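This is what each chain is made of:
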Amino acid sequence: GGGVLTFGPSLTEVAGGKTCDVISVQALWEWDSGEGGKEAPIWKPYPKEAQWGLESSMCTADATCEIAVSKSQKYVVDLVGLRQHHSQNPFKTRRVRRRGTPLSEPMPAKVKDCKSGKWLDVSTTPSYWTLGVKDEGGKRHDLPLSSPVVKKISEWMNATIRS
């Protein structure tokens, strides 16, 4: 269909002398072409070649996927935070979403850094996230400006941000 990634109909395949069923799945990767922020998103599907690359990278637990929308336009998609970054300007970002067949593991415990090839542990939560019994997945808490964590983040941002 229009913009839907389809991995064929259900088939029977012989693997190791055994017959097994191959299931059909559908997934659609989209990016927000709207104004961002609090504005309502305007979702547009990625081109077919990018769909395959994104889904393949997600299945291999890559942290990012580089896609070429055209010969002159390349983007890096953060598959953990679901954001699209411009290849030349990391401050230009857009929201990304994946629709369709649910993943067996929506957030893997580890993802692979494509540049270094190392596996990064994303299962631990920062010490400043307080989790309650009902709240195993975590909850956003704004840190007070007097927090030493805010001070460290501020120092790091001021030292590394482009002027």
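Only a predicted model underlies this, so the values are computations on that prediction, with no experimental measurement involved.

K.L.:
In this structure, what is going on with the side chain of Asp62? I would like to understand it.
P.N.:
Its location among the elements puts Asp62 in the loop between helix 1 (48-59) and strand 6 (64-68). With a relative accessible area of 12%, Asp62 lands in the buried category. A polar side-chain atom of Asp62 sits 3.3 Å from a polar atom in the side chain of Thr60. If we ignore the near neighbours within four places in the chain, the residues touching Asp62 are Ser57, Leu79, Val111, Lys112 and Cys114.

K.L.:
Before we go on, may I ask you to explain unusual backbone geometry in this structure?
P.N.:
Negative phi characterises most residues that are not glycine, and trans characterises most peptide bonds. The backbone of Ala61 sits at a positive phi, close to 60°, despite the residue not being glycine. Residue position: Ala61 is located in the loop between helix 1 and strand 6. Under the relative-accessibility criterion, Ala61 is labelled buried at 16%. Positive phi is not limited to glycine here, since Leu82 has a value of about 50°. Relative to the assigned elements, Leu82 resides in the loop between strand 7 (74-78) and strand 8 (83-86).

K.L.:
Explain the pattern of salt bridges to me, please; I cannot follow it from the model alone.
P.N.:
Pairs may arise between side chains of opposite charge once their charged atoms sit close together. A full pass over the atoms with the stated rule returns five salt bridges. Its salt-bridge partner being Arg95, residue Asp32 comes within 2.6 Å of it at the nearest N-O pair. Here Asp32, found in strand 4 (residues 26-32), pairs with Arg95, found in strand 9 (residues 93-100); they are 63 residues apart in sequence, far enough to count as distant. As a salt-bridge pair, Lys112 and Asp62 come within 3.7 Å of each other at their nearest N and O atoms. Note that Lys112 is positioned in strand 10 (residues 110-112) and Asp62 in the loop between helix 1 and strand 6, a separation of 50 residues in sequence. Judged by its relative accessible area of 27%, Lys112 is partly exposed. Salt bridges linked by common partners bring Glu30, Arg97 and Arg99 together as one network.

About the criteria used
Residues numbered from 1 in each chain as written. Predicted model: local features only at pLDDT ≥ 70, side-chain atom pairs only at ≥ 80, totals over all residues. Heavy atoms only, no water. Helix = DSSP H or I, 4+ residues; strand = E, 2+ residues; numbered from the N terminus. Buried < 20%, exposed > 50% of the residue type's maximum accessible area, 1.4 Å probe, protein only. Polar contact = N/O pair within 3.5 Å; in protein donor to acceptor, adjacent residues only side chain to side chain. Contact = heavy atoms within 4.5 Å. Salt bridge = Lys/Arg side-chain N within 4 Å of Asp/Glu carboxyl O.

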